[in-house]
Structures are given as C-alpha cells and as structure tokens.
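Next come the chains, spelled out residue by residue.
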Amino acid sequence: MSSTVSKPTAAEPIKVALLGCGTVGTEVVRLLHEQADDLAARVGAPVELTGIAVRRPNKHRDVPAELLTTDAAALVARADVDVVVEVIGGIEPVRTLLVDALSAGKSVVTANKALLAENGGELFTAADDSGADLYFEAAVAGAIPLLRPLRESLAGDRITRVMGIVNGTTNYILSAMEATGSGYAEALEEASRLGYAEADPTADVDGFDAAAKAAILASIAFHTRVTAADVHREGISAVTAADIAAARSLGRTVKLLAICERVTDAGGDEAVSVRVHPAMIPKSHPLAGVGGAFNAVFVEADAAGQLMFYGQGAGGAPTASAVLGDLVAVARNRVASGRGPRESAYAELPVRPMGQTETAYHISLDVADQPGVLTQVAAVFAEHGVSIAAVRQEGRDHEPSASLVVVTHAAPDAALRSTVDKVAGLPVVREVVSVMRVEGEEQ
Ligand SMILES: NC(=O)c1ccc[n+]([C@@H]2O[C@H](COP(=O)([O-])OP(=O)(O)OC[C@H]3O[C@@H](n4cnc5c(N)ncnc54)[C@H](O)[C@@H]3O)[C@@H](O)[C@H]2O)c1
Ligand SMILES: N[C@@H](CCO)C(=O)O
Ligand code: NA
C-alpha cells in the first residue's frame, strides 16, 4: 500500500470489471491493489475491482477467488459495474462485450489495437450514443503517452506526419541483425528465446500489429476513420543481411516504420497515406538510435514543429501503466459527471493508395562489368519517370561483375516497383541484391 493519501474521498466507489488477466491484466490488478489509496485520492473516489473475467480460474491463484468468473458477458452486464477494462485481445468475443458495455453507458478502457483498427467506428458510435468514454492509450506504443497528446494536447494544431517504430519485437530483431550481422531467421530465434516474440510471431513480423497501430494513429492525427485494411503493410521477414549491409554502407540503418502522412494532390485536395514497411533511415536520424524492443514516434505539426515520443512499447507493467492512466481519467470523468474526448472523424479524408504514394528507393544490383551497363539501367528509370538522386558503381577485382547502387528521388511507388521489375529483367543485371525504401532526412 502506498503512503501518500492527500485527503479522504467521499464519493461512491467507481466499480471496475477487468476482462482478461494475462500479461497485462495481472499487472493491472497489482497496480490497482498497490496504489489503491493514491488512485482514490487522484480520482476523488475509491476505484474498486468488482470482478475479473478469466478463461481458467485455477490458473490465477494470487487473485482473490471471489472476484474471478468465466462469464465475461454476465460481468459486463452487472448493474454495479461502471467501467470495463479489457485486456483479452482479439476481435470476438471482445467486440460484442465492449459494444454491450458502451451501449449500457459503461466506460471502456482497452489495450486492443486489433479491435480498434478493425471495429473502432462501431465502438465510438456506441460510446457516443450512451455518453460513455472510450480510452485506449495502451493500444499504441504501450506505456508511451502518445494518443492522449495527439487527441488532446495537439487538438488545436494541424498534424502533417506521424512516423515511428511501433512494434518492439521487430525492432529487436532488426537491431540484432544490425549488431551481429545475423540473418532474419537467426534473429527471430533469439527474440523468441528471450521472450520478445510470441509463440506465433506472425502479427509482429508480418506487420499486422504495426498496421493496426498505424490505422489508430492516422485516425486520430487526421480526424478521419482509417482501418487496418486501409494500411499498406509489409513486414520484415524478407529483410536480408544484404539489405542491412547495403544500408550500413550508405550510413543508414533498417527500421520497420509506420508512416502516416497528410498529402495534397495537384488539384489541392487532401488525402492521407498510411503505410508500414521496412525502410533505410540515416544513422543520424533520431529513430535510428531506437534499439532493442523500444518504440519511438516522431510527430510533425504545423505550429508545434517536430515532437518525439520514446519509451517502452510493450510488456506487462509498462502497458498496465497506460491502462491505469486511462482508468484514472475515465473514473475522474464519472466523478465529475463529465466525458472525455469523443471520436473526431469529421475530416473524412480519402486514403491514397500505396501505388500513388511518393516514396524513394535504394536499389543495389549485381551487374555485368562491361561498357554501357549504366546507360541501360538509367534508361529504365527515365522511361518510368523516376529521377535518380545518386549512383555508385564499383568493379570487383578479377571478377566480370560490378556492384551498382542507385538511390532515387521520390516518385510514385507504383512507378518505382515497375522500374525495379524491368531493371531485374535486363540481361546485364545478374542479381537484384537489395531493394528498400529510404526515409528520413539527415539530422
Ligand atoms: N503484452 C503486451 O506487451 C501488450 C502491449 C500493448 C497492448 N497489448 C494488448 O493487451 C491485450 C492483452 O495482451 P496480453 O499480452 O496481456 O495477452 P495475454 O494472452 O497474456 O492475456 C490475455 C488473457 O485473456 C484471457 N482470455 C481469453 N479469452 C477470454 C475470455 N473470453 N474471457 C476471459 N478471459 C479471456 C486469456 O486466457 C489470457 O489470460 C491485447 O489486446 C494486446 O494486444 C499487450
Ligand atoms: N507485440 C507487440 C506488443 C505491443 O503492442 C510488440 O512487439 O510491440
Ligand atoms: Na501508448
């Protein structure tokens, strides 16, 4: 129990139902218990756990048995529940449980990025209809205060870009490949051995987790509903040691980035572009120094300029910290008979397809070392309207092949892809060693 109780609270307790008691839920229970007095003082009313829905009650011996139930729906429906905290994950049955809770006027705190990115609109509508709160700071970048700054602190500004590392597992794998020169499979094995990667690492390594987070970030930043299906997604399983080495030779490093941009077409119409893919960024860029399982997000806004948020994006206690922060906020709102921010999706900007999104590529080729090769390769770029920013060609002693590295200026992604396909088919090109997008200015 903590010692700093400022004043007694007179208000009725805020009663909380917890759904799920795994990695995050266990830490939520611990913090609720250890900080009960402080939380009561901060909220202006005691915050009481009235029930915990779990799948297997006999697995939770350190939680008071009388709180446990396997019937999550009945717990949510209880008349004495004011707030539902959801840390089960996935779409169903959670979607139904949370829509029911919100429709009944119960506030919801959730860490569930997959559900928000898929069915966020439905949850917000249910919350609006009943006047309940929906908070989800833990869903993106774990402990890092990010969604509240975007939703509240920057509500008076115009956000133009959000770019970040929002998946700890993949950042750990890429950092390990960079540090040791190991291949992807080897680094993934190490991440699993250390407990970073989950038993099924697909959501992380194939970019689904980061894409869900990107959809949530874009929705808030651009006041537009963006779903996971709107996000262009590429994971890291195709990143090779050759890609990492190619980046290093250019003073760059490879990161899996979530990039949400406000873009304007030639006619002046605005749209949003949302993508997750590996990219080479300069070693001097602040995101390049984010190693291991950490997350960091760069935000650019018209008046605020550049902001960076950094910290632990995963783990039981860090994620529970964000859940508790939201719980305090919704409990305070209840005590004050008020509401937190609603969904803001009034801008309804269209989502620009990836093919039309402007990106820049780094292409590393193994070519025949003979006259005219550079001209043939350059002609393909020109044919597709892709402008070359830099070229480096190096012969190899006693070998008939040479290394040719091309870095492009920004061009529509579809034009860059067609360029790479055509270049790969040239008889003088022996192998496409590495193709990767480049992002970020030298700092
Ligand atoms: N672990 C992290 O680092 C982290 C970080 C950010 C967000 N999140 C999110 O938090 C949520 C929980 O993650 P976690 O790591 O604690 O997962 P977890 O698998 O450790 O815990 C989930 C728990 O929910 C239980 N459960 C499943 N179905 C249930 C049901 N119908 N009723 C009651 N209990 C049920 C499971 O038995 C399990 O104990 C997910 O949405 C996840 O994406 C996790
Ligand atoms: N699997 C996620 C957990 C946090 O959302 C990660 O590695 O970042
Ligand atoms: Na967060």
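Please read all numbers here as calculations on a predicted model, not as lab measurements.

Visitor: Explanation requested: the overall build of the protein chain in the structure shown.
Guide: If you tally the helices and strands in the protein chain, you get 14 helices and 17 strands. For the protein chain, the C-alpha radius of gyration of 25 Å lies close to 22 Å, the compact-globule estimate for 443 residues. Seen through its principal axes, the protein chain has C-alpha atoms that stretch 85 × 50 × 35 Å. Residues counted as buried form 52% of the 443 residues belonging to the protein chain. For the protein chain, long-range pairs separated by at least 24 residues make up 74% of all intrachain contacts whose partners lie at least 6 apart in sequence. Split by element, the accessible area of the protein chain, about 18,900 Å² in all, is 51% carbon and sulfur. Between the centroid of the 37 positive side chains of the protein chain and the centroid of its 56 negative side chains there is a distance of 3 Å.

Visitor: Teacher, can you tell me more about the domain arrangement of the protein chain here?
Guide: Think of interface size as the accessible area that goes away when the parts come together; that is how it is often given. Examined at the domain level, the protein chain breaks down into domain 1 (14–142 + 318–335), domain 2 (147–311) and domain 3 (354–438). Taking only C-alpha atoms, the centre of domain 1 and the centre of domain 3 are 52 Å apart.

Visitor: I keep staring at helix α11 (residues 241–249) and nothing clicks. Help me out?
Guide: Residue pairs three or four apart in sequence face the same way in an α-helix, which turns once every 3.6 residues. Taken as a whole, α11 has its buried residues at D243, I244, A246 and A247. Taken down its axis, α11 places every buried residue within 160 degrees of arc, on the same side. For α11, the elements touching its buried residues are α7 (168–180), β9 (252–264), β10 (270–282), β13 (358–368) and β17 (429–438). Following α11 by one or two positions, G251 has its phi on the positive side, about 70 degrees.

Visitor: Sorry if this is basic, but what is going on with the site of ligand 1 here?
Guide: Close to ligand 1 lie 19 residues; T23, V24, K113, G315 and T319 are nearest. Contacts to ligand 1 include G315, whose backbone N or O atom sits 2.6 Å from an oxygen atom. Computed on the free molecule, ligand 1 has an accessible area of 830 Å², of which 76% lies beneath the protein chains in the complex. Grouping the constituent residues of the shell around ligand 1 by class yields ten nonpolar, seven polar and two charged.

Visitor: What is the right way to look at the packing of aromatic side chains in this model?
Guide: Scanning the entire structure with this criterion turns up two aromatic pairs. Between the aromatic rings of F294 and Y310, the centroid separation amounts to 5.3 Å while the plane-to-plane angle is 5 degrees, which identifies the pairing as stacked. With F294 in strand β11 (residues 294–301) and Y310 in strand β12 (residues 305–312), this residue pair connects regions lying 16 residues apart in the sequence. Here the guanidinium or amino end of R151 rests over the ring plane of Y135, the centre of that ring lying 5.3 Å away. The residue whose ring lies beneath R233 is F208, and the NZ or CZ to ring-centre distance is 3.8 Å.

Visitor: Teacher, can you tell me more about empty space enclosed by the protein here?
Guide: If a probe as big as a water molecule is rolled over the atoms, it shows which places are left empty. Per the counting criterion, the structure on display carries one cavity of 30 Å³ or more. Its boundaries defined by the atoms lining it, the largest cavity holds a volume of some 70 Å³. As for the largest cavity, its lining consists of Y135, F136, E137, L147, R148, R151, E152 and D326. Of the residues that constitute the lining of the largest cavity, the class distribution is three nonpolar, no polar and five charged.

Visitor: Would you mind going over the UniProt feature "active site" (unreviewed entry) in the protein chain with me for this structure?
Guide: Feature annotation in UniProt places "active site" (unreviewed entry) on K213, given in this structure's numbering. Within the secondary structure, K213 sits in helix α10 (residues 208–222). Among residues more than four places away in sequence, those in contact with K213 are K113, A139, V140, A141, V166 and N167. In this structure the side chain of K213 is engaged in a polar contact, spanning 2.8 Å, whose partner is the backbone oxygen of V166.

Visitor: It is not clear to me how the site of ligand 2 should be interpreted in this structure. Could you clarify?
Guide: Around ligand 2 sit K113, N167, G168, T169, E198, D204, D209, K213, G313 and A314, and those are all the residues in its vicinity. A distance of 2.5 Å separates an oxygen atom of ligand 2 from a polar side-chain atom of K113. Within the side chain of K213, a nitrogen or oxygen atom sits 2.8 Å from an oxygen atom of ligand 2. Summarising the interface, the protein chains cover 87% of the accessible area of ligand 2, which totals 260 Å² for the free molecule.

Visitor: Would you take a moment to explain the pattern of salt bridges for this structure?
Guide: Note that side chains of opposite charge can pair when their charged atoms are close. All chains considered together, the criterion is met by 26 salt bridges. Ionic pairing is found between R158 and D302, a salt bridge with its closest N-O pair at 3.1 Å. With R158 in the loop between α6 (147–153) and β7 (159–165) and D302 in the loop between β11 and β12, the pair connects residues that are 144 residues apart, well separated along the chain. What you see here is one network of salt bridges that share partners, running through R158, R262, E270 and D302.

Visitor: Honestly, the coordination of the sodium ion (ligand 3) in this entry has me stumped. Any pointers?
Guide: Six octahedral donors around a metal ideally sit at 90 or 180 degrees from one another, while four tetrahedral donors ideally sit at 109.5 degrees. Donor atoms from the polypeptide that coordinate the sodium ion (ligand 3) comprise E137 (O), E137 (OE), V140 (O), G142 (O) and I144 (O), at 2.4 to 2.7 Å from the metal. Residue classification places V140 among the buried residues on the basis of a relative accessible area of 0%. Classification of I144 by relative accessible area gives buried; the value is 4%.

Visitor: Looking at this structure, I do not really get the confidence of the model for the protein chain. What am I missing?
Guide: Low-pLDDT portions of the prediction should not be read for the details of their coordinates. A residue-level look at the protein chain finds 98% of positions with pLDDT of 70 or above and a mean pLDDT of 94. For residues 1–6, every residue scores under 50 in pLDDT, and the model assigns this stretch nine contacts once sequence neighbours within four places are set aside. Interface confidence in the predicted complex, given as ipTM, is 0.99; pTM for the same model is 0.95.

Visitor: Would you mind showing me how to read the environment of E441 here?
Guide: Mapped onto the elements of the fold, E441 is located in the segment after β17. E441 gets classed as exposed once you look at its relative accessible area, which sits at 61%. Sequence-wise, E441 and P282 are 159 residues apart; in three dimensions their C-alpha atoms are separated by 7.0 Å. Those residues within four positions of E441 in sequence are excluded, and the remaining contacts are P282 and H285.

What counts and how
- Residues numbered from 1 in each chain as written.
- Chains lettered and ligands numbered in written order.
- Predicted model: local features only at pLDDT ≥ 70, side-chain atom pairs only at ≥ 80, totals over all residues.
- Heavy atoms only, no water.
- Helix = DSSP H or I, 4+ residues; strand = E, 2+ residues; numbered from the N terminus.
- Rg over C-alpha atoms; globule rule 2.2 N^0.38 Å.
- Buried < 20%, exposed > 50% of the residue type's maximum accessible area, 1.4 Å probe, protein only.
- Contact = heavy atoms within 4.5 Å.
- Areas by Shrake-Rupley, 256 points an atom, 1.4 Å probe, with all protein chains shown as cover.
- Lys, Arg positive; Asp, Glu negative; His and termini not counted.
- Charge placed at Lys NZ, Arg CZ, Asp CG, Glu CD.
- Domains from an automatic or database assignment.
- Arc of directions from axis to C-beta.
- Near = heavy atom within 4 Å.
- Polar contact = N/O pair within 3.5 Å; in protein donor to acceptor, adjacent residues only side chain to side chain.
- Nonpolar A, V, L, I, M, F, W, Y, C, P; charged D, E, K, R; others polar.
- Phe/Tyr/Trp six-rings, centres within 6.5 Å; stacked < 30°, edge-to-face > 60°.
- Lys NZ or Arg CZ within 6 Å of the ring centre and 35° of its normal.
- 1 Å grid on protein atoms, 1.4 Å probe; cavity = no way out; pocket = protein on both sides within 12 Å on 5 of 7 lines; lining within 4 Å.
- Points joined across faces, edges and corners; volume = space filled by probe spheres on them.
- UniProt positions renumbered as here; feature names shortened; annotations may be inferred.
- Salt bridge = Lys/Arg side-chain N within 4 Å of Asp/Glu carboxyl O.
- Donors = N, O, S within 2.8 Å, 3.2 Å for Na, K, Ca; no water.
- pLDDT = per-residue confidence, 0-100.

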